[in-house]
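Fold and geometry: a report
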Amino acid sequence: MKSENKHKKRIGRISAQSVKTTLLVLFSMLGVILISLGFVGDYFYNLTINADVDRGILFKKNQKSDISPEASEQSHIDVKLLSWIAEKSRNEYIDTDDGLRLHGYEIENPENSHRWVILVHGYNSQGLKMKTEAEIFYNMGYSVLLPDLRGCGESQGSVIGMGWLDRLDMLRWIEHIVQKDSDARIVLYGVSMGGATVMMTTGEQLPSNVKAAIEDCGYTSAKEEFEQQFKEFFGLPSFPVITSADAVCFFRAGYTFEQASSVEQVKKSVTPTLFIHGDEDTFVPFEMLDKVYASANCPKEKLVINGAGHVGSSSKNPKLYWSTVENFLAKYV
């Protein structure tokens, strides 16, 4: 009997030790997995959101002309237009709610029509890349503001806002214009990430001075856009790559990719909006146009440019593009 009890105790000790060993192995494996995901998330966070990191790899893996705003015809340096901006503009600055100093180029039109347009650039870009649009709107009689989004151009910031952080900065730029011109009639215009920024801005409570918005090839959400790009360039799934990068973004930048949603913001918009997209856009897939357009509860119009890639609509068919823009704005501005 005693021998049997000793045997049972021995088995109990072995079983308990086995359980402890198994738990230790499991927790060790879990720790390794979490650490690995942390490294993966941190790498892709830096590649996509860290403003201080060179993200040329995102644009070098695919040499198609519509790969990014910077690979479009807007990317070349037009010395004549740059000198025009240098001659006519002045540097303006705003302070953000989180303590950043943001820069913009402001060009007041001598017509003094009280019409203003804020031109919002795309991902990995800067305000000067909107130089062509600046001249076109100026010739329409608009005063022009070309902000450098946070982390871009001459603006401060260590993270790219993907439109979500930028929407609040846009409120400051709108306030900046209204303070100097209380009768200002403001148009918001943006391409790619700038288009998403414009859509996200319209979901906020805006002053009555904002009369209309134009978004060109903006994405549905940062999450869906990154899912598309990671699959395209790296062949990587959303889980766990996007999930881990999203977690890092939340802790380091203060927002999630899913939060940065144009779809959710335009649901709340009351600002008349023109939605533009090229039907051969693969960088921000053409299908995203229908999603944002269907979600918008504001007065809205849609323009599809046949044969246009990413940020290529205005050059593919400039006559249709700009006549549609002018006709749309004539109704509201």
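These notes cover the structure that comes with them.

Each value, and the rule that gives it
- Residues numbered from 1 in each chain as written.
- Predicted model: local features only at pLDDT ≥ 70, side-chain atom pairs only at ≥ 80, totals over all residues.
- Heavy atoms only, no water.
- Pairing = 2+ DSSP bridges.
- Helix = DSSP H or I, 4+ residues; strand = E, 2+ residues; numbered from the N terminus.
- Axes fitted to C-alpha atoms, helices over the stretch in contact; angles between N-to-C directions.
- Contact = heavy atoms within 4.5 Å.
- Core = buried A, V, L, I, M, F, W, Y, C linked by side-chain atoms within 4.5 Å.
- Buried < 20%, exposed > 50% of the residue type's maximum accessible area, 1.4 Å probe, protein only.
- Salt bridge = Lys/Arg side-chain N within 4 Å of Asp/Glu carboxyl O.

Sheet architecture is open: eight strands sit in the order β1-β2-β4-β3-β5-β6-β7-β8, paired in mixed fashion. Two strands bound the open sheet, and with one partner strand each, they are β1 (90–95) and β8 (300–305). Across the sheet, the mean angle separating the axes of adjacent strands is 20° when strand polarity is ignored. Where helix α4 (residues 131–139) meets the sheet, its contacts fall on β2 (101–107), β3 (115–120), β4 (143–147) and β5 (185–191), and the angle it forms with β4 comes to roughly 165°. In the packing of helix α5 (residues 164–180) onto the sheet, contacts are made with β1, β2, β3, β4, β5 and β6 (210–216), and the angle to β1 comes to roughly 120°.

On to the nonpolar core. A general trend in soluble globular proteins is that nonpolar side chains are found buried together. One finds Ile49, Ile118, Met162, Ile186, Leu188 and Tyr255 to be the most contacted residues of the largest nonpolar core, which totals 51 residues. Of all the elements in the fold, those that place two or more residues in this core are α1 (2–48), β3, α5, β5, α6 (193–202), β6, α7 (222–234) and α8 (238–253). Counting 33 residues, the second largest nonpolar core, distinct from the first, contains Tyr105, Ile107, Tyr142 and Tyr321.

Turning to the pattern of salt bridges, a few remarks are in order. Counted according to the given criterion, the structure contains 16 salt bridges. A salt bridge links Lys223 to Glu227, with the shortest nitrogen-to-oxygen separation between them at 2.7 Å. Within this pair, Lys223 and its partner Glu227 are both found in helix α7, separated by four residues, close to a single helical turn. Residue class for Glu227 comes out partly exposed when judged on its relative accessible area of 23%. Between Lys331 and Glu301 there is a salt bridge whose closest N-O contact spans 2.6 Å. Of this pair, Lys331 sits in helix α12 (residues 318–332) while Glu301 is found in strand β8, placing the two residues 30 residues apart along the sequence. Salt bridges sharing partners connect three or more residues here, namely Arg90, Glu92, Glu106, Glu108 and Lys180.

So yeah, pure geometry; function would need other evidence.
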